[in-house]
Amino acid sequence: MDQPILHHYDLSPFGEKVRLAFGHKGLAWRSVETPIWPPRPDTVPLTAGYRRSPVLQIGADIYCDTALIFAELERRFPEPTLYPGGQAGLAAILSWWADTTTFLPAASIATSIIGDGVPPEFIEDRIAFMRHDFSKDASVRDLSVNRQRVSAQMSHLADMLRDGRAFLLGPGASAADLSAYHTLWFVRTHAGAEADRLLPFTPAILQWMERVSALGHGERSPLSAEDALRIAREADPEPTGGVAVDDPSGLEAGETVAIRTDDANDPIRGVLVAADPRELVIRHESERGGTVHVHFPRFGYSAVSEEAADTKKTAAAA
Ligand SMILES: N[C@@H](CCC(=O)N[C@@H](CS)C(=O)NCC(=O)O)C(=O)O
């Protein structure tokens, strides 16, 4: 089986989430380091316009969003599981909660401390892409609000750990732990001792963080972006199950579609090849990456016909 290839950068909290999943599953994987902000000319041929980081490549299949990356790692490497005790739905929903509610406030707490060292290009890029200002001034201005937000979220984590369990859903680590951990890891890594003053890192939370961190990163070895593109070019995408007849999108295989994301405006386009309750898959072609299948989770992503996507653009321009 092809080794998983992660396109990521070390600073990325969502990248850390997947690196820990490799550790939990004891996997050997290849690491392609991407720039922290675009242009990313060596990733674009693989992602059909999806802009976020990380993405997982296995041969000519590209998996976007850590929610789907986890589901795919679980399908290919089921043990040890990321969804113990048959709690896949609960772990996925808790992951979504943690990912979407803590990332921006926690990252802003970190930039309120280290913001002077953040390159202006990064700040401009993220304002344009996320409508979020990570400059030191803005982060200091919003510090009180963000401390309240993250502290409230951490109190739920403390509640879950109160009975002495090792991980959020019981004795084994789950997707929920990795999702709740990665933004707190980012704050503690960058804000140092200040983090402990600003947020309720209680002994129980710190011990839980140590247990998550001890999962490690598996066996990482570097890969050049050029080699990752060659691997994609030389592989065939895996067969898919096609588009279910009653798919809620109302779309059919072979249609050119746009993928809308709930939290950004990435211009993602391709030919729909599969849609089921778990994922949307589009075909994308480029000279450097060949033919790839780009996979998205259903949660947070919708497929619309090209005409509907163009109508949205026209409406936005009007
Ligand atoms: N829902 C996405 C969120 C990923 C995300 O926001 N990643 C950040 C980096 S940690 C990002 O893409 N930032 C913009 C960029 O790197 O271009 C996921 O779970 O993968």
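Throughout what follows, the structure given in this document is the object of discussion. (Residues numbered from 1 in each chain as written. Predicted model: local features only at pLDDT ≥ 70, side-chain atom pairs only at ≥ 80, totals over all residues. Heavy atoms only, no water.)

Let's talk about unusual backbone geometry
Argument step 1. A cis amide bond links Pro38 with the next residue in sequence, Pro39, at an omega value of 10°.
Argument step 2. By secondary structure assignment, the location of Pro39 is in the loop between β2 (28-33) and α2 (44-47).
Argument step 3. The residue after Glu79, namely Pro80, is reached through a cis peptide bond having omega -15°.
Argument step 4. Positive phi outside glycine occurs at Asp65, with the angle close to 80°.
Argument step 5. Residue placement: Asp65 occurs in the loop between β4 (61-64) and α3 (66-76).
Argument step 6. Given a relative accessible area of 19%, Asp65 falls into the buried group. (Helix = DSSP H or I, 4+ residues; strand = E, 2+ residues; numbered from the N terminus. Buried < 20%, exposed > 50% of the residue type's maximum accessible area, 1.4 Å probe, protein only.)

Comments concerning the site of the ligand
Argument step 1. Taken together, 14 residues form the shell around the ligand, and within it Tyr9, Arg51, Arg52, Ser53 and Thr66 come nearest.
Argument step 2. Here a nitrogen atom of the ligand and a backbone polar atom of Ser53 are 2.8 Å apart.
Argument step 3. At a separation of 2.8 Å, a nitrogen atom of the ligand approaches a polar side-chain atom of Asp65.
Argument step 4. Coverage of the ligand by the protein amounts to 95% of the 500 Å² it exposes when considered alone.
Argument step 5. Mapped onto the shell around the ligand, the elements with two or more residues apiece are α1 (13-25) and α5 (120-130).
Argument step 6. Examining the composition of the shell around the ligand, we find that 3 residues originate from one element, α5, more than from any other.
Argument step 7. By residue class, the composition of the shell around the ligand is 6 nonpolar, 3 polar and 5 charged. (Near = heavy atom within 4 Å. Polar contact = N/O pair within 3.5 Å; in protein donor to acceptor, adjacent residues only side chain to side chain. Areas by Shrake-Rupley, 256 points an atom, 1.4 Å probe, with all protein chains shown as cover. Nonpolar A, V, L, I, M, F, W, Y, C, P; charged D, E, K, R; others polar.)

Observations regarding the side chain of Arg76
Argument step 1. Structurally, Arg76 can be placed in helix α3.
Argument step 2. At a separation of 3.1 Å, a polar atom in the side chain of Arg76 contacts the side chain of Tyr63.
Argument step 3. A polar atom in the side chain of Arg76 sits 2.7 Å from the side chain of Glu72.

Thoughts on the sheet that holds strand β5 (residues 219-222)
Across a sheet, strands are paired by hydrogen bonds formed along the backbone, either parallel or antiparallel in direction.
Argument step 1. Strand order in the open sheet made by the 10 strands is β5-β2-β1-β3-β4-β9-β8-β7-β6-β10, with mixed pairing throughout. The outermost strands of the open sheet, each flanked by one partner alone, are β5 and β10 (301-305). With strand direction ignored, the average angle separating the axes of adjacent strands in the sheet is 35°.
Argument step 2. Of the strand pairs in this sheet, strand β6 (residues 256-261) and strand β7 (residues 268-275) are connected by 4 bridges, and their pairing is antiparallel. Bridging from a neighbouring strand, Val257 pairs with Gly270 of β7.
Argument step 3. Across the sheet, α1 lies against β1 (5-8), β2, β3 (55-58) and β5, angled at about 160° from β1, the strand it touches most. (Pairing = 2+ DSSP bridges. Axes fitted to C-alpha atoms, helices over the stretch in contact; angles between N-to-C directions. Contact = heavy atoms within 4.5 Å.)

Describing the pattern of salt bridges
Argument step 1. Counted under the stated rule, the structure contains 26 salt bridges.
Argument step 2. The salt bridge involving Arg162 is made with Asp159; its shortest N-O contact spans 2.6 Å.
Argument step 3. Assessed through its relative accessible area of 61%, Arg162 is described here as exposed.
Argument step 4. A salt bridge links Arg278 to Glu279, with the nearest nitrogen and oxygen atoms 3.2 Å apart.
Argument step 5. Residue Arg278 is classed as partly exposed on the basis of its relative accessible area of 28%.
Argument step 6. Connected via shared salt-bridge partners are Glu72, Arg75, Arg76, Glu238, Arg278 and Glu279. (Salt bridge = Lys/Arg side-chain N within 4 Å of Asp/Glu carboxyl O.)

Quick look at the packing of aromatic side chains
Argument step 1. One pass over the full model with this rule turns up 10 aromatic pairs.
Argument step 2. Here Phe14 and Phe103 contribute two aromatic rings whose centre-to-centre distance is 5.0 Å and whose plane-to-plane angle is 75°, an arrangement assigned as edge-to-face. Note that Phe14 is positioned in helix α1 and Phe103 in helix α4 (residues 88-114), a separation of 89 residues in sequence.
Argument step 3. By relative accessible area, Phe14 is classed as buried at 16%.
Argument step 4. Measuring from centroid to centroid gives 5.7 Å for Phe296 and Tyr301, while their planes differ by 35°, and the two rings are tilted. (Phe/Tyr/Trp six-rings, centres within 6.5 Å; stacked < 30°, edge-to-face > 60°.)

Details of helix α8 (residues 175-191)
Argument step 1. For α8, spanning 17 residues, the distance from its first C-alpha to its last is 25 Å, which sits close to the expected 24 Å at 1.5 Å a residue.
Argument step 2. Counting buried residues in α8 gives 14 out of 17 residues, a clear majority hidden from the surface.
Argument step 3. Just beyond α8, the residue with positive phi is Gly192, at close to 55°. (Expected span 1.5 Å × (residues − 1).)

Structural notes on the packing of α8 against helix α10 (residues 203-213)
Argument step 1. Running from N to C, α8 and α10 cross one another at 105°; their axes reach a closest spacing of 10 Å. Taken together, the axis directions place α8 and α10 in an arrangement best described as roughly perpendicular. Residues Asp177, Leu178, Ala180, Tyr181, Leu184, Trp185 and Arg188 of α8 lie in contact with α10, whose contacting residues are Leu206, Trp208, Met209, Val212 and Ser213. (Parallel < 35°, antiparallel > 145°, perpendicular 65-115°, else oblique.)

With respect to the side chain of Ser53
Argument step 1. The topology assignment puts Ser53 in the loop between α2 and β3.
Argument step 2. Excluding anything up to four places from it in sequence, Ser53 contacts His7, His8, Tyr9, Ser12, Phe14 and Thr34.

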